[in-house]
Every structure is written in structure tokens, then in C-alpha cells.
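One letter stands for each residue in the lines below.
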Amino acid sequence: MELGRAGMPGLALLKDETAVHELWTGADPGSPPCPPFDAPAAPWLLLAELPRFGVRAREAARSLVDRLDRLVQVDPQRLRELGLARETLAGIQAWRRMDIGHPVMGRVAAILEACRHQDIALVPWTDERYPEALRHIPDAPLVLYARGDPALLTRDQIGIVGSRHATRAGLAHARQFAAELSRQGLLVTSGLALGIDGAAHAGALDAGCPTVAVIGCGLDRCYPRQHEALGRRVVAGGVLVSEYPPGTPARAGHFPQRNRIISGLSRGVLVVEAGLRSGSLITARLALEQGREVFAIPGSIHSPVARGCHQLIKQGARLVETVDDVLEELAGWWSPPVVSTRQPSPAPDRPDLSGLEQREIAVFEALGYDPVSTDALALATGLPADQLMQALLLLELQGLAGSAPGGYLRLA
């Protein structure tokens, strides 16, 4: 089931220009346009949909106007002097004439209608809900689409990202860090992907706190499909965000673009697990380019999903073992909204094993933070295979151990 409302009109309106015209002007083709084009978001939406109006063209336009939405009021001759593309100028001129028959105007109309029917909020650049941190990245979106509570976007945020193929330990770390950082007043932001992203969102929500999910498709659909239920939780308890209008499918090229928004929204980005070719490293690189802090949790030297984090640490990312490491680094610009009564949280040297039998304790003591094979565990503990597997199962249920490529490792 998609996140949008079934049966509601949306971008399919573009297939019938007459229907679009009648929707916004009435049945009479000569009647004037209706007020929706007077909405504050409408000119920004037009600019976002203009062909060949990328970063360079926008920078050129800023030499004429202090706010890009005022570009639609500039004399056509002055616009031509900027060197804007013919298609760009045609779209702006169609706005000035309120020519609903022009393709760009028709698309704007259809997007406005889809957002109205699907409870999608439009947050243009000048909206008070548009996050200030995002305004300062080089290629900030002119319009954000949001479902849930867009006002949350103005809060201080921490990005948590990582591998889609995370280990159990990595998933546990993402949940724990997300929950505690949320309790400390930071809004956890991630990309709703499988693995670390999903665990971070779930950790924040399970702690009773909101979260921000930035996706690489329209808000009327969910990607990946496995996270439809999580997406609904995000909408109910946080905000789902995209720069893509309803009806936009997920495409490979959208995700690097999505990553710049995650880092742009955040004061810092925490990478929990990442391979050397992980998209999370793209997010970390963008964060550095945007002047954000980058944090990384180290892992086993034998783990492929730890190598990206180790590379980041070599390049200057802050090595993180506890939530306090993140809070200390961010203390220069941020302080919790309330006085925290939380005590420093170093990882305990030894977890509480009082509820375990001697057999499980022996197996736990034989485990390390690198994977240990069942053969090696059997040799170390002297347990037969059936008892060893029972002990490992109990340790997994207690959250003390987990499976990983190459065997089992301790999680506490």
C-alpha cells in the first residue's frame, strides 16, 4: 500500500490538458485563473519545475533579484540579458500570462492538486518552516514536500546513516544512539533505507520522539517497500520529506541528491556502519563540504561494514564510542533544550550476567567483538554442538550476542 491516498487525482492530470485547465480556470477556457496560483508556494514551485534552471542559472538570477520568487515579475528583456535558456524564459513568460496551457504551468497545477488531495505540505524557501541550516548549502531545494509535522524541520538535527547490509551489532548501535540523542533534544534525521537508516528512525520513535525521513521519490509512494509501515510511523510521529513532487518514482540518481539534504538538515552526521563504497560515505563527504561535523563508530578490523567508518576516522572524523562523544563535539553551537540529568554513559566493562546459567556465561566469555566460529567456541567451552547452539540462542534473545559473517560475536 502506498503512502498516498488511493484514487486521489495527482500528476495523471498532466495527461489531459483540458482537465487541468478546467480544474484551475473553470470550464470556460477564457475565464481567469483561480487563486491556487496566488499561493506563496506557487512561484517557487514554478521555479523548481522550470527546465534548465539549475544552480548556475539560479546564481545568475540572483544578480537581479534578492529573492528568486520575484524573478517571475522581472521584465522579459532583462531576463534575456541573463542568458537564461529559451525553455526557461518560456516558462516564466507563461506564468506572467497565466497560460495554463503551457506544460510547465500544467505541471505546477497538477502538483498543487496532488498535494492538496494527499495532505502533502509545500514548504518553499521563504516559508518559516524551511530549515535555516538547509538554506546555506550550495544547491538547496527551492521547495520541500512534507507529510507529518513540517514545523519539526526547524529543530536542531543529527543525521544517522549507514550500511543497508548492517550487522546486528550495527542495528543495535543505531537504535541506541538514535534513542538517546533524541532524548537529549536532537532530532534524528535519516533516509528511511534498509539497515542503519531504518534502525535509527525506529530507535527515535520507540523512545517516544519524532524523526525526519528524507526519501528519494514522491511522498505518495514509499521506497523501499519493506518500510511502508515505518514510513507511516514517521508521518504519524515526525515528518517525511522529499524534494520530488508526488508521482516521482525512486531512481538511482535521486539518492545522492537525497543525501545532500540529510547532511544539509543536520548539524552533524553519525556514520554507524559503512563499506568502502557505501552511499553513507557520500553523505559524510557532503557533510564536510557543508561545514557539518562527521562522526563514525569504529568496528572490527575484519568487518567489511566497518572499513568505511575507519576510513572516515583516518580522514579526521570524530571517533565515537558513546553518545557523550557526539554531545561534547556539538557543545560549541548547541545545548539541550532542558537541563539534562543524564550521567555520562561509557560502555560497561562487563554486562549483567546474573540471570544466566553457567553454560551461557561460559559461551559469552568465549565470545569477542570479532566473529568467532562455532568450532572455536566448542573448543573453548568444551560444550557439545547442541548445548552450544542453545546457549547462543539464549544469548541472542538477551541481546548479548549476535550472528555475523564468520560466526558469533558479543553485543554487550
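This text goes with the structure placed above it.
Since this is a predicted model, take the numbers as computed values, not measurements.

Asker: Break down unusual backbone geometry for me, citing the residues and quoting the values.
Answerer: With an omega of 0 degrees, the peptide bond running from Tyr 223 to Pro 224 counts as cis. With respect to the helices and strands, Pro 224 occurs in the loop between β5 (211–214) and α10 (228–237). One non-glycine residue with positive phi stands out, namely Arg 52, at about 55 degrees. With respect to the helices, strands and loops of the structure, Arg 52 is situated in the loop between α2 (41–49) and α3 (55–61). Not every positive phi belongs to a glycine, and Met 98 is a case in point at roughly 50 degrees. Looking at the element boundaries, Met 98 is found in the loop between α5 (86–97) and α6 (103–117).

Asker: Tell me about the packing of aromatic side chains, and name the residues and values.
Answerer: For the structure shown, the criterion picks out two aromatic pairs. Their ring planes at 40 degrees and their centres at 5.5 Å tell us that Trp 125 and Tyr 130 sit as a pair that is tilted. Exposure class is identical for Trp 125 and Tyr 130. Each is buried. On the numbers, 5.5 Å between centres and 45 degrees between planes, the contact of Tyr 223 with Phe 255 is tilted. Placement of the pair is Tyr 223 in the loop between β5 and α10 and Phe 255 in helix α11 (residues 254–265), with a sequence separation of 32 residues. Assessed through its relative accessible area of 42%, Tyr 223 is described here as partly exposed.

Asker: How would you summarise the environment of Glu 357 if you had to cite specific residues and measurements?
Answerer: By the element assignment, Glu 357 lies in the loop between α14 (323–330) and α15 (358–366). Through-space distance from the C-alpha of Glu 357 to that of Ala 391 is 9.0 Å; in sequence the pair is 34 residues apart.

Asker: Could you give an account of α6, naming the residues involved and the relevant values?
Answerer: Structurally, the α-helix is built with 3.6 residues per turn, so residues lying three or four positions apart point the same way. In this model, α6 (15 residues) spans 21 Å end to end at C-alpha, consistent with the 21 Å of a helix rising 1.5 Å per residue. Among the 15 residues in α6, 12 count as buried, and that is most of the element. Restricting attention to buried positions, one finds in α6 the residues Val 104, Met 105, Gly 106, Val 108, Ala 109, Ala 110, Ile 111, Leu 112, Glu 113, Ala 114, Cys 115 and His 117. Just past α6, the residue Asp 119 takes up positive phi, approximately 55 degrees.

Asker: Report on the pairing of β5, specifying residues and quantitative values.
Answerer: Here β5 shows no split at all, with Thr 211 and Ala 213 on one side and Val 212 and Val 214 on the other all buried. In this sheet, β5 lies alongside strand β4 (residues 187–190) in parallel orientation, the contact comprising three bridges. Pairing of Ser 190 across the sheet is with Ala 213, part of β5. Pairing analysis gives three bridges linking β5 to strand β6 (residues 239–242), with the strands arranged parallel. Bridged to Ala 213 within β6 is Leu 240. Handedness of the crossover joining β5 and β6 through α10 is recorded here as right-handed.

Asker: How would you sum up α14? Please name residues and give values.
Answerer: α14 sits mainly inside the fold: six of its eight residues count as buried. Turning to α14, the residues buried within the fold contact β3 (157–161), α8 (168–183), β8 (293–296) and β9 (318–319).

Asker: Break down a nonpolar patch on the surface for me, citing the residues and quoting the values.
Answerer: Side chains of Leu 393, Leu 394 and Leu 397 sit close together on the surface and give an oily, nonpolar patch of about 300 Å² of accessible area. Looking at the element boundaries, Leu 394 is found in helix α17 (residues 385–397).

Asker: Quick one: what's the story with the side chain of Ser 182, residue by residue and with numbers?
Answerer: As for its position among the elements, Ser 182 is in helix α8. Taking relative accessible area as the criterion, Ser 182 reaches 5% and is therefore assigned buried. Excluding residues within four positions of it along the chain, Ser 182 makes contact with Val 188, Ala 204 and Cys 209.

Definitions and cut-offs
Residues numbered from 1 in each chain as written. Predicted model: local features only at pLDDT ≥ 70, side-chain atom pairs only at ≥ 80, totals over all residues. Heavy atoms only, no water. Helix = DSSP H or I, 4+ residues; strand = E, 2+ residues; numbered from the N terminus. Phe/Tyr/Trp six-rings, centres within 6.5 Å; stacked < 30°, edge-to-face > 60°. Buried < 20%, exposed > 50% of the residue type's maximum accessible area, 1.4 Å probe, protein only. Expected span 1.5 Å × (residues − 1). Pairing = 2+ DSSP bridges. Right-handed = clockwise from strand over helix to strand, strands pointing away. Contact = heavy atoms within 4.5 Å. Patch = residues over 30% accessible without salt bridge, like charges linked within 9 Å, V, L, I, M, F, W, Y side chains within 5 Å. Areas by Shrake-Rupley, 256 points an atom, 1.4 Å probe, with all protein chains shown as cover. Salt bridge = Lys/Arg side-chain N within 4 Å of Asp/Glu carboxyl O.

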